[in-house]
Amino acid sequence: MPEGDTVFRAAHRLRTALVGKTLSDSDFRVPRYATTDLSGARVESVRSAGKHLFIDLRRPSGTPVSIHSHLMMEGLWDVHAIGAKWRRPWHTARVVLRAGDIEAVGFDLGVLELLADPGPAVAHLGPDLLGDDWDAARAVENLAAAPDTPIGIALLDQRNLAGVGNVYRSELCFMRRVHPATPTAAVDLPPLVDLAHRLLTANRLRVARVTTGATGRGRELWVYGRDRRPCRRCGTAVERGMLGEPPAERSIYVCPRCQTR
């Protein structure tokens, strides 16, 4: 699933292309909004909130409306010149927005809805790691509130802090020498939260996510996706396991030597 830095980057591209422009055409390819026409609406802002993305518009009547999307597992927002070849098949497009010679297409969006008030859609989220109002102390407090929960599960709970997904979960735990199954009460939370903020901030506009500091292909990550390959720190084979209860269990990558239970 795309993580907070991926959504931030998508919002940045859309913001650069659309903010301040008036939509010449909109095409919603989901039954609920099939007849919706936002042509004439002005794009006022594009922003991310954790893994959620909002395109805020104002209709010619002055009424505000927000396009709320969540990429889920397969989603993608793309921006290109009108007439350019799409990166994905046409039938996977869920919405097409055009302004001048620019076209923004949302493919395979897991959530797509129009909201008069976008606030309630993200009211459940904890502090956004890439938000202007990032609050590290509150994120630590949220994590500490469930001391028996494995830290690897707590990090994925967007109600604690918003933006961490499966890649960052494995990388953060490795870098802090913590096994993801460790109860949250046994983890030094402030340094972990600070590291999460620094990693996502560093990667927010990068095409390729890097946690090791090495940008060479295949050298970007410490453990994620590297099962049975040597740990970059000690040489022990990285192991892949599962954490959580079905159907919410997710894969974890750990070095059994650097991250003892």
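Residues numbered from 1 in each chain as written. Predicted model: local features only at pLDDT ≥ 70, side-chain atom pairs only at ≥ 80, totals over all residues. Heavy atoms only, no water.

- Looking at an unreviewed UniProt entry, one finds the protein named DNA-(apurinic or apyrimidinic site) lyase, with Gordonia cholesterolivorans as its source organism.
- In its Sequence similarities (unreviewed entry) section, the UniProt record describing the protein reads: "Belongs to the FPG family." (UniProt positions renumbered as here; feature names shortened; annotations may be inferred.)

## What about the overall build of the protein?
Reasoning step 1: Scanning the protein from terminus to terminus reveals five helices and ten strands.
Reasoning step 2: Its C-alpha atoms give the protein a radius of gyration of 20 Å, within 12% of the compact-globule value 18 Å for 261 residues.
Reasoning step 3: Taken along the three principal axes of its C-alpha coordinates, the protein extends 60 × 40 × 30 Å.
Reasoning step 4: When the accessible surface of the protein is totalled, it reaches about 12,500 Å², and 51% of it is carbon and sulfur.
Reasoning step 5: Averaging the positions of the 36 positive and the 29 negative side-chain charges in the protein gives two centres separated by 7 Å. (Helix = DSSP H or I, 4+ residues; strand = E, 2+ residues; numbered from the N terminus. Rg over C-alpha atoms; globule rule 2.2 N^0.38 Å. Areas by Shrake-Rupley, 256 points an atom, 1.4 Å probe, with all protein chains shown as cover. Lys, Arg positive; Asp, Glu negative; His and termini not counted. Charge placed at Lys NZ, Arg CZ, Asp CG, Glu CD.)

## What to know about the UniProt feature "domain: Formamidopyrimidine-DNA glycosylase catalytic" (unreviewed entry) in the protein
Reasoning step 1: According to UniProt, the positions carrying the feature "domain: Formamidopyrimidine-DNA glycosylase catalytic" (unreviewed entry) are residues 2-106.
Reasoning step 2: Between the end C-alpha atoms of residues 2-106 the distance is 14 Å, and the span holds 14% helix and 42% strand.

## Some words on the UniProt feature "domain: FPG-type" (unreviewed entry) in the protein
Reasoning step 1: As recorded in UniProt, the feature "domain: FPG-type" (unreviewed entry) lies at residues 222-260.
Reasoning step 2: Measuring from the first to the last C-alpha atom of residues 222-260 gives 16 Å, for a span that is 0% helix and 26% strand.

## Quick look at the environment of Val 46
Reasoning step 1: Along the chain, the position of Val 46 falls in strand E2 (residues 42-49).
Reasoning step 2: Since its relative accessible area comes to 2%, Val 46 is described here as buried.
Reasoning step 3: Val 46 sits 37 residues away from Gly 83 along the chain, and the two C-alpha atoms are 23 Å apart.
Reasoning step 4: Ignoring any residue separated from it by four or fewer positions in sequence, one finds Val 46 in contact with Ala 11, Leu 14, Arg 15, Val 19, Leu 53, Phe 54 and Ile 55. (Buried < 20%, exposed > 50% of the residue type's maximum accessible area, 1.4 Å probe, protein only. Contact = heavy atoms within 4.5 Å.)

## Description of the pattern of salt bridges
Reasoning step 1: One pass over the structure, following the stated rule, counts 13 salt bridges.
Reasoning step 2: Glu 103 is paired through a salt bridge with Arg 98; the nearest N and O atoms lie 2.7 Å apart. Arg 98 shares its class with Glu 103; the two are buried.
Reasoning step 3: The partner of Asp 194 in a salt bridge is Arg 198, with the nearest N and O atoms 2.9 Å apart. Placement of the pair is Asp 194 and Arg 198 together in helix H5 (residues 189-203), with a separation of four residues, close to one helical turn.
Reasoning step 4: The partly exposed category is assigned to Asp 194, whose relative accessible area is 38%.
Reasoning step 5: The class of Arg 198 is partly exposed, set by a relative accessible area of 48%. (Salt bridge = Lys/Arg side-chain N within 4 Å of Asp/Glu carboxyl O.)

## Thoughts on helix H4 (residues 166-175)
Reasoning step 1: Most of H4 is tucked away: nine of the ten residues are buried.
Reasoning step 2: All of the buried residues along H4 are Asn 166, Val 167, Tyr 168, Arg 169, Ser 170, Glu 171, Leu 172, Cys 173 and Phe 174.
Reasoning step 3: Close packing links the buried residues of H4 with helix H1 (4-18), helix H3 (151-154), H5, strand E9 (239-243) and strand E10 (250-254).
Reasoning step 4: Downstream of H4 by one or two residues, Arg 177 has phi in the positive range, about 55°.

## Some remarks on the sheet that holds strand E7 (residues 102-107)
Reasoning step 1: Reading across from one edge, E1-E6-E7-E5 is the order of the four strands in this open sheet, with antiparallel pairing throughout. A strand with exactly one partner marks an edge of an open sheet, and here the two such strands are strand E1 (25-28) and strand E5 (76-81). Each neighbouring strand pair of the sheet contributes to a mean axis angle of 15°, computed without reference to strand direction.
Reasoning step 2: Where E5 lies against E7, six bridges are found, and the strand directions are antiparallel. Following the sheet pairing, Leu 76 is matched in E7 by Phe 107.
Reasoning step 3: Against the sheet, H1 touches E5, strand E6 (93-99) and E7, its axis set at about 30° to E5. (Pairing = 2+ DSSP bridges. Axes fitted to C-alpha atoms, helices over the stretch in contact; angles between N-to-C directions.)

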